[in-house]
Amino acid sequence: MAKYVYDFSEGNKDQKDLLGGKGANLAEMTRLGLPVPPGFTITTEACRTYMTTGVLPPELRVEVTMAIRRLEDSLGRSLGDFHDPLLVSVRSGAKFSMPGMMETVLNVGLNDASVVGLAKFSDDERFAWDSYRRLIQMFGKTVFEINGDLFAHALDAMKASRGVTVDTDLTAGDLQELVETFKGIVREQSGREFPQHPREQLDLAITSVFDSWNTDRARLYRRRERISDDLGTAVNVVSMVFGNLGPDSGTGVCFTRDPSTGKPGDYGDYLPNAQGEDVVAGIRNTLSLADFEQLDPVSHGELRLAMRRLETHYRDLCDIEFTVERGKLWMLQTRVGKRTAAAAFRIATQLVDEHLITLDEALERVTGAQLSKLMFPQFDSDAVRTLLATGMAASPGAAVGQVVFDSVTAQEWAAAGKDVILVRRETNPDDLGGMIAAVGVVTSRGGKTSHAAVVARGMGTTCVVGAEQLDVDATARTVTVGDRVISEGETIAIDGSTGEIFLGDVPVVPSPVVQYLEEGLEVALANVHGADAEETAELVKAVDRILTHADAVRRLRVHANADTAEDAHRARVWGAQGIGLCRTEHMFLGERRVLIERVILARDPVEHQAALDALLPLQRADFVDILEQMDGLPTTIRLIDPPLHEFLPDLTDLSVKVALAGERRSRGVEEETAEEFERDTVLLAAVQRMHEANPMLGLRGVRLGIVVPGLFALQIRAVAEAAAQRIRDGGHPHAEIMIPLAASVMELHLIRDEAEAILAEVAAAEGVELHIPIGAMIELPRAALTADRMAGVAEFFSFGTNDLTQTTWGFSRDDVEGAFFSEYTDRGVISVSPFETIDRSGVGRLVRIAVEEGRAARPDLTLGVCGEHGGDPESVHFFHEVGLDYVSCSPFRVPVARLEAGRATVEGASSDSR
Ligand code: PEP
Ligand code: MG
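As the structure is a computational prediction, the values presented were derived from the model and not from experiment.

Undergrad: What's the story with helix H22 (residues 593-601) in this structure? I'm lost.
TA: For the α-helix, the turn length of 3.6 residues means that residues three or four positions removed from each other point alike. Buried within H22 are the following residues: Leu595, Ile596, Glu597, Val599 and Ile600. Its buried side turned inward, H22 meets helix H23 (605-629), helix H25 (674-690) and helix H27 (711-728).

See the structure below:
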């Protein structure tokens, strides 16, 4: 039978699946002997059962009773007692942290009787009544889903009637009266009394935490973070400790290193005389840990020891929540902390230097997504800038956008293609949609651990918090700084690394990491300057160290998709070990379009050949340039792929043009010459003839090579002659010819025979030896399913996963993403676009079959991928797993693929040894 409840003393940090992150870590801290308030965790399995059946499993009720009794016995207090009551908090905690997305109910166990007991225990009647009114308010909002404004307005009305402005000026009597008012609101809105029985409160709170797993905002967050909807949340029932019992109490959040830069040291916020989420909510501005030390050196000292203990134990940056109750420190939560991309790299190498982790582990601690964030440009510190205000640097980056004041506007404007910066006093979980849509987030309140900071950092969105000079008026849609009023739509620029906010646009410069990738470590370090030069230098060195290690351990080679000599150059500089896809269709655009038009419109074979001949020297020159850039490295040139009518004018445009000209000419008006009119008429006939209802499934790829005489031959000859020229010039060309969109081995045979004849002819004529492998793109399910036969003819396979995804799913790659993928993600059909991340079970299975059968037929078959997936971190891991030889991606993603290929190797190794 399932066990649904675990005391904190029973679990450990490796049970996140079952106990959620918070529960597993509370258990771990309990095991370490740190001061954790006693409690227990209800498993995610209980939540999953509840989600499928709609009711709490009956065994759960029994187990909760026993756990509560154990808790009562260990503390010598009981729930609902009116002398010395036990109060508990009921907290959500899923496997993956979802900051602020789910519910928490504090002070469960308070009722008309136990509030008296609390007053006695705390020796503070005011505190007891305040706690009770907070419970009713929180309970009303989360359990009964009552509009929170009703409680807020009642509180305001009470303050007004007593002539006070802050909550703390209300007396115990006032708060007692407010409790009655709040109970009335519950009665009116929910049709029932506020439950007096503590056990009923507890069960309702547990159910509502489970329910909060499925709120819109939680689902949106999960979709973005790619967390499965099926996991469910655990619930932690923790005995209450109070940070709001007076000046010797308080609550705080801290990090064992700076999560935004990675700098070693203690970072955190402390709020004296405060409870629960007050710090994270950013409602009052907080004190630093140094201030906390002044205030309470003993608790601070204990906290420092606990921080060090946790960091050594977890061997990583830890993020901690704590409370001090009358001078006694309590640890409420810890987890491996979220961090910015720069911090991730710096902390990983710091921990290597401190001998806490190995370089392999450091590689596992960073991601390709983080590396690509470090490659974004930064503000030019030499540019003239108008500083508006300075807040706290919460999540780095340089963002320029139009000011908006609410989440809905942010989403609307972003959907219309505008860059927006969301400016708010503070954010709350309902702002998530706007935060996702915005390029940057600014708040005037809150610290580095406020909701805005935590969420933005998690998403990698540039963020500045606590910019107190800003007076944000969301109703008037203005923000005022001194006497400068900024309205919605005005442009500001924010620097998430310094906390600076500038008026207007600010130019950006390339990132130091890009400079390192392009010009090497020495040049990059020599160019580092400005106030944070030391940190930047450490970052660049960390990236170099980890990337170099990735290169040393990875098995996958990384190639680039490059069509021009320029791209090839960049790819090579960024570490590409070859070109995996040189698309040749771009070589027929621009001025050359007329030449391909001549091929299409030729009236007889002689004209046709003459048109092709005119293209030959141009193509050859293209290939010479590329082969020169890639000297010594494999360069895979794909024969022309798109339908030829893509090189002709659009059918509708041309029809209209010809019709209008014809009509004008019938009236004797001639705006064009007779030849021009004649040419357009012939062109129109060709466009009509070649029109296809489904061009992606029509006359393209290898089919063109078979049907259009001489077209592939021209390209093959150009490749061969270019390679010969490079050899004569002393180079080492490694050209390869790739045939697109083959579905049948016969197609490959036809092209291969033709190619071999041409290669032999050119080799003989030029007096050189040519080794130009001929391979196939695997872009159609049939090609994958007949891989054994295809491998008999092809010397290499390159998976064209763009077309393979399109044809496996039957999704038009040009249409569906914009048309209905958001609906499909909302409805859970897909969690991420299969055009972005490989669909392992469908498209991936075809790849796996083709790899296995292709290799069985030809053991030395080279295998690569050149679809967009070649640069997608998650897909790179899949390609490593199935045993490809290389991935090929756009030049900009080459460093990311290098890093991920290294990570795939070390992760594979560590999971093998587990
Ligand atoms: C592919 O289909 O994956 C591919 C690389 O070819 P293209 O994107 O040019 O169709
Ligand atoms: Mg393709």
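Undergrad: Just to check I follow, could you spell out the site of ligand 1 for this structure?
TA: Of all residues adjacent to ligand 1, which total 14 residues, the nearest are Arg583, Glu779, Gly800, Asn802 and Arg813. Interatomic distance of 2.7 Å between a side-chain N/O atom of Arg583 and an oxygen atom of ligand 1. Contacts to ligand 1 include Gly800, whose backbone N or O atom sits 3.3 Å from an oxygen atom. Starting from 290 Å² of accessible surface for ligand 1 in isolation, the protein chains cover 96%. If you list the elements that add at least two residues to the shell around ligand 1, you get strand S27 (579-583) and helix H31 (801-809). For the shell around ligand 1, the leading source of residues is H31, giving three residues. For the shell around ligand 1, a count of residues per class yields three nonpolar, four polar and seven charged.

Undergrad: Would you take a moment to explain the pairing of strand S22 (residues 484-487) for this structure?
TA: Every regular strand shows the same layout, with side chains that alternate between the two sheet faces. Relative to S22, strand S21 (residues 478-481) runs antiparallel, the two sharing four bridges. Within S22, the position partnered with Thr478 by the bridge is Ser487. If you look at the hairpin formed by S21 and S22, you'll find two residues sitting between the two strands, and Gly482 has a positive phi there, around 60°.

Undergrad: Is there a simple way to explain the coordination of the magnesium ion (ligand 2) in this structure?
TA: Metal coordination angles in their ideal form are 109.5 degrees for the four-donor tetrahedron and 90 or 180 degrees for the six-donor octahedron. Of the protein atoms, only Glu779 (OE) and Asp803 (OD) coordinate the magnesium ion (ligand 2), at distances of 1.9 to 2.0 Å. Here Glu779, found in the loop between strand S30 (774-778) and helix H29 (781-785), pairs with Asp803, found in helix H31; they are 24 residues apart in sequence, far enough to count as distant. Just as Glu779 is buried, Asp803 falls in that class too.

Undergrad: Is there a simple way to explain the nonpolar core in this structure?
TA: One recurring pattern in soluble globular proteins: nonpolar side chains tend to sit buried together. Counting 97 residues, the largest nonpolar core has Phe797, Phe799 and Leu884 as the members making the most contacts within it. At 11 residues, H27 tops the list of elements feeding residues into this core. Residue assignment places this core across two domains, with domain 5 (554-643 + 692-913) and domain 6 (649-691) each supplying three or more. Setting aside residues up to four positions removed in sequence, Phe799 forms contacts with Ile778, Val847, Ala850, Val851, Leu863, Gly864, Val865, Cys866, Gly867 and Leu884. Leu106, Leu110, Leu170 and Leu245 belong to the second-largest nonpolar core, a separate cluster that totals 59 residues.

Undergrad: What am I meant to see in the packing of helix H1 (residues 16-31) against helix H2 (residues 44-53) here?
TA: Helix-helix packing is described using two parameters, namely the angle between the two axes and the distance between the axes. Contact pair H1 / H2: the axes reach a minimum separation of 8 Å and the direction vectors enclose 110°. Here H1 is positioned roughly perpendicular relative to H2, judged by the angle of their axes. Contacts from Asp17, Leu18 and Gly20 in H1 reach Thr44, Glu45 and Arg48 in H2. Taken together, the residues of the contact of H1 with H2 break down into one nonpolar, two polar and three charged.

Undergrad: Explain the environment of Val439 to me, please; I cannot follow it from the model alone.
TA: By the element assignment, Val439 lies in the loop between helix H16 (432-437) and strand S18 (440-443). You can call Val439 partly exposed: its relative accessible area is 26%. Between the C-alpha atom of Val439 and that of Cys463, which follows or precedes it by 24 residues, the distance is 8.9 Å. Each residue touching Val439, except ones within four places of it in the same chain, is listed here: Ala399, Val400, Asp419, Val420, Ile421, Thr461 and Thr462.

Undergrad: Sorry if this is basic, but what is going on with unusual backbone geometry here?
TA: For residues that are not glycine, phi is negative in most cases, and the peptide bond is trans in most cases. Located in the positive-phi region is Asn273, a residue other than glycine, with phi close to 50°. Its location among the elements puts Asn273 in the loop between strand S9 (264-272) and strand S10 (287-288). Taking the relative accessible area as the measure of exposure, Asn273 reaches 34% and is therefore partly exposed. Phi angles above zero are rare outside glycine, and Arg326 is one such case at about 45°. Position of Arg326 relative to the elements: it lies in the loop between strand S11 (318-325) and strand S12 (328-336). The exposure class assigned to Arg326 is partly exposed, which follows from its relative accessible area of 37%.

Undergrad: What is the right way to read a nonpolar patch on the surface from this model?
TA: Nonpolar side chains collect at one region of the surface, where Leu699, Ile706, Val707, Met746 and Leu750 lie side by side and expose about 420 Å² of accessible area between them. Those elements that place two or more of their residues in the nonpolar patch are helix H26 (702-707) and helix H28 (745-766). Relative to the elements of secondary structure, Val707 occurs in helix H26.

Undergrad: Could you clarify how one ought to interpret the pairing of strand S2 (residues 39-42) in this entry?
TA: Burial along S2 is two-sided: Gly39 and Thr41 and Phe40 and Ile42, pointing in opposite directions, are all buried. Two elements, strand S1 (residues 5-7) and S2, share three bridges in a ladder whose sense is antiparallel. Residue Tyr6 lies in a different strand from S2, and its bridge partner there is Thr41. Sheet topology places S2 next to strand S7 (residues 233-239); four bridges connect them, and they run antiparallel. What sits directly across from Gly39, in S7, is Val238.

Undergrad: Honestly, the sheet that holds strand S29 (residues 734-739) in this entry has me stumped. Any pointers?
TA: In a beta sheet, neighbouring strands are held together by backbone hydrogen bonds and run either parallel or antiparallel to one another. Pairing is parallel around the closed barrel formed by eight strands, whose spatial order is S26-S27-S28-S29-S30-S31-S32-S33. Shown here is a sheet whose adjacent strand axes are inclined to one another by a mean of 30°, direction ignored. Relative to strand S28 (residues 634-638), S27 is paired through three bridges, and the arrangement is parallel. Note that in S28 the partner of Cys582 across the bridge is Ile637.

Undergrad: Explain the environment of Thr52 to me, please; I cannot follow it from the model alone.
TA: Its location among the elements puts Thr52 in helix H2. Considering only alpha carbons, one finds Thr52 and Phe677, 625 residues apart in sequence, at a separation of 70 Å. A polar contact is formed between the side chain of Thr52 and the backbone oxygen of Thr49, at a distance of 3.1 Å.

Undergrad: I tried to follow the sheet that holds strand S14 (residues 386-390) on my own but got confused; where do I start?
TA: Spatial ordering of the open sheet is given by S14-S24-S23-S16-S17-S18-S19-S15, a layout of eight strands whose pairing is mixed. On the outer flanks of this sheet lie S14 and strand S15 (392-395), each paired with one strand and no other. Strand-to-strand twist of the sheet, defined as the mean angle between neighbouring strand axes without regard to direction, takes the value 30°. Bridging between S15 and strand S19 (residues 462-465) involves three bridges; their strand directions are antiparallel. By the bridge assignment, Ala393 is partnered in S19 with Val464. Here helix H15 (residues 407-415) sits on the sheet and contacts strand S16 (398-404) and strand S17 (420-424); the angle it forms with S16, its principal contact strand, is near 115°.

Undergrad: What is the right way to read the packing of aromatic side chains from this model?
TA: For any pair of aromatic rings, the description consists of the separation of the ring centres together with the inter-plane angle of the planes. The tally for this structure, following the rule as stated, stands at 22 aromatic pairs. Between Phe588 and Phe647, the ring centres sit 6.2 Å apart and the planes meet at 90°, which makes this aromatic pair edge-to-face. With Phe588 in the loop between S27 and H22 and Phe647 in the loop between S28 and helix H24 (651-666), this pair connects stretches of sequence that are 59 residues apart. Classification of Phe588 as buried rests on a relative accessible area of 0%. Judged by relative accessible area, Phe647 falls into the buried class, the value being 2%. Ring geometry for Phe820 versus Phe821: centroids 5.7 Å apart, planes at 70°, classification edge-to-face. Residue Phe821 is classed as buried on the basis of its relative accessible area of 6%.

About the thresholds
Residues numbered from 1 in each chain as written. Chains lettered and ligands numbered in written order. Predicted model: local features only at pLDDT ≥ 70, side-chain atom pairs only at ≥ 80, totals over all residues. Heavy atoms only, no water. Buried < 20%, exposed > 50% of the residue type's maximum accessible area, 1.4 Å probe, protein only. Helix = DSSP H or I, 4+ residues; strand = E, 2+ residues; numbered from the N terminus. Contact = heavy atoms within 4.5 Å. Near = heavy atom within 4 Å. Polar contact = N/O pair within 3.5 Å; in protein donor to acceptor, adjacent residues only side chain to side chain. Areas by Shrake-Rupley, 256 points an atom, 1.4 Å probe, with all protein chains shown as cover. Nonpolar A, V, L, I, M, F, W, Y, C, P; charged D, E, K, R; others polar. Pairing = 2+ DSSP bridges. Donors = N, O, S within 2.8 Å, 3.2 Å for Na, K, Ca; no water. Core = buried A, V, L, I, M, F, W, Y, C linked by side-chain atoms within 4.5 Å. Domains from an automatic or database assignment. Axes fitted to C-alpha atoms, helices over the stretch in contact; angles between N-to-C directions. Parallel < 35°, antiparallel > 145°, perpendicular 65-115°, else oblique. Patch = residues over 30% accessible without salt bridge, like charges linked within 9 Å, V, L, I, M, F, W, Y side chains within 5 Å. Salt bridge = Lys/Arg side-chain N within 4 Å of Asp/Glu carboxyl O. Phe/Tyr/Trp six-rings, centres within 6.5 Å; stacked < 30°, edge-to-face > 60°.

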